[in-house]
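Read off the chains here:
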Amino acid sequence: MSLLPLLAACGTEAASHSAGGGKAPAGSSGQLDVPVDAGADLKKQYLMENAIASCMKKQGFTYTPEPPMDPASSWAHDGADYELTKKFRQKYGFGYSAAAVYPDDPQVPGSKAATKPSANAEYVATLTPAQKTAYDKAMGGPPDPKVGEKDWTGCEGTADKKAYGSASAQERSAATASRNQANAQALNGDQKLVSLAQSYASCLKKDGIPVTTTQPTGIGEMVKLQAATSVPAGARGSGAAADETSEEPMSKEEALPLLTKEIDLAMKDLECGKEFRAAYFPKFLKAPGSTGAG
């Protein structure tokens, strides 16, 4: 968990097969236009979405390519851009308790507006059980090491090869893990970051906030991750509560005190870590293999 920001930057196999972060719909051709300023890894994810759509069409199914999430957009609101992060946290805290207070706000994870089914989910819902089975087989999925698979199967496998070349998913995953470890060691061994992380930790302690790590790759997300464990599922909004637990969603009145407390914690964390993040993120985004490096 302490390496979460680093791992997000360097990417994982699963991340390259997920989408839904963008807003631009596919054009009349059924294909997404790749942003001209997209980094190399993000372009490959766009290519994968378009390739899946083409492959599924040949199999007799409809698949609407979804713009993949640009990691930089989340990092900007998670400390990489101080002003954007401050604006978000002043209203939503870490984004955990806000869904019940702002159920119609798409900026809040777990809100009704943020958990609307995608076009693909709506399409799959119209299929008969037999069609759904055929759809899943045509789509394919990640490799199962237990049966000796090294590559994605079905249309996802076809798209994976088109976007990433002949190297197997297993080989790329191993290379990514090795690169993540090297990046983590470099960042955690950076004396300036180590010093700033210590100052960050001292500030948190003065505010009565527990410190469980002072590693540069972990401290930036530490308070946020701790806060996540204390938020009742019902405060996360109807979408999150329905998916994760049978707990009833909280009312706005019930969730508001939790959000107020969360905002206070989030702002203390932001201010204590301001100097650290200003030094950390430029190095983090330029780490070898980082998708943030463009």
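Scroll up to find the structure.
Not measured: the values here are computed from a predicted model.

### Regarding the overall build of the protein
Thought 1: The secondary structure content of the protein amounts to 14 helices and zero strands.
Thought 2: Residues counted as buried form 41% of the 294 residues belonging to the protein.
Thought 3: Residue pairs at least 24 apart in sequence account for 63% of intrachain contacts in the protein once pairs closer than 6 positions are excluded.
Thought 4: Total accessible area on the protein is roughly 15,300 Å²; 55% of this is exposed by carbon and sulfur atoms.

### A look at the nonpolar core
Thought 1: Residues Leu204, Ile219, Phe276 and Tyr280 are the most contacted members of the largest nonpolar core, which totals 25 residues.
Thought 2: Listing elements by their share of this core, those giving two or more residues are α10 (191–206), α11 (216–228), α13 (252–272) and α14 (274–285).
Thought 3: Of the residues forming this core, the biggest block, six residues, is contributed by α10.
Thought 4: With near-sequence residues (within four places) excluded, Leu204 lies in contact with Ile209, Val211, Met222, Val223, Asp269 and Cys272.

### Points about helix α2 (residues 40–58)
Thought 1: Relative to the 27 Å expected for 19 residues at 1.5 Å per residue, α2 spans 27 Å between its end C-alpha atoms, a close match to the ideal helical length.
Thought 2: Within the sequence span of α2, burial applies to Leu42, Gln45, Tyr46, Met48, Glu49, Asn50, Ala51, Ile52, Ala53, Cys55 and Met56.
Thought 3: Residues of α2 that are buried in the fold lie against α7 (129–139) and α8 (154–164).
Thought 4: Gly60, located one to two residues past α2, shows a positive phi value of around 90°.

Calculation criteria
Along each chain, residues carry numbers from 1 onward, in the same order as the chain's sequence is written. Selection of residues for local features in this predicted model requires a pLDDT of at least 70, selection of side-chain atom pairs for listing and counting requires 80 or more, and totals for whole chains, interfaces and linings are taken over all residues. Hydrogens and waters are ignored; side-chain quantities use all the structure's heavy atoms. Put simply, DSSP marks the helices as runs of H or I at least four residues long and the strands as runs of E at least two long, and each gets a number from the N terminus on. Accessibility here uses a 1.4 Å probe with only protein chains present; expressed as a share of the type maximum, an area under 20% marks a residue as buried, one over 50% as exposed, and anything in between as partly exposed. Only heavy atoms enter the contact rule, under which two residues are in contact if any of them lie within 4.5 Å. Reported accessibility uses the Shrake-Rupley method at a 1.4 Å probe radius. Residues are deemed covered only where the shown protein chains occlude them. Side-chain atoms within 4.5 Å are what join buried Ala, Val, Leu, Ile, Met, Phe, Trp, Tyr and Cys residues into a set we call a nonpolar core. One less than the number of residues in a helix, times 1.5 Å, gives the span that helix is expected to have.

Fair warning: the whole summary comes from geometry, so function is off the table for now.
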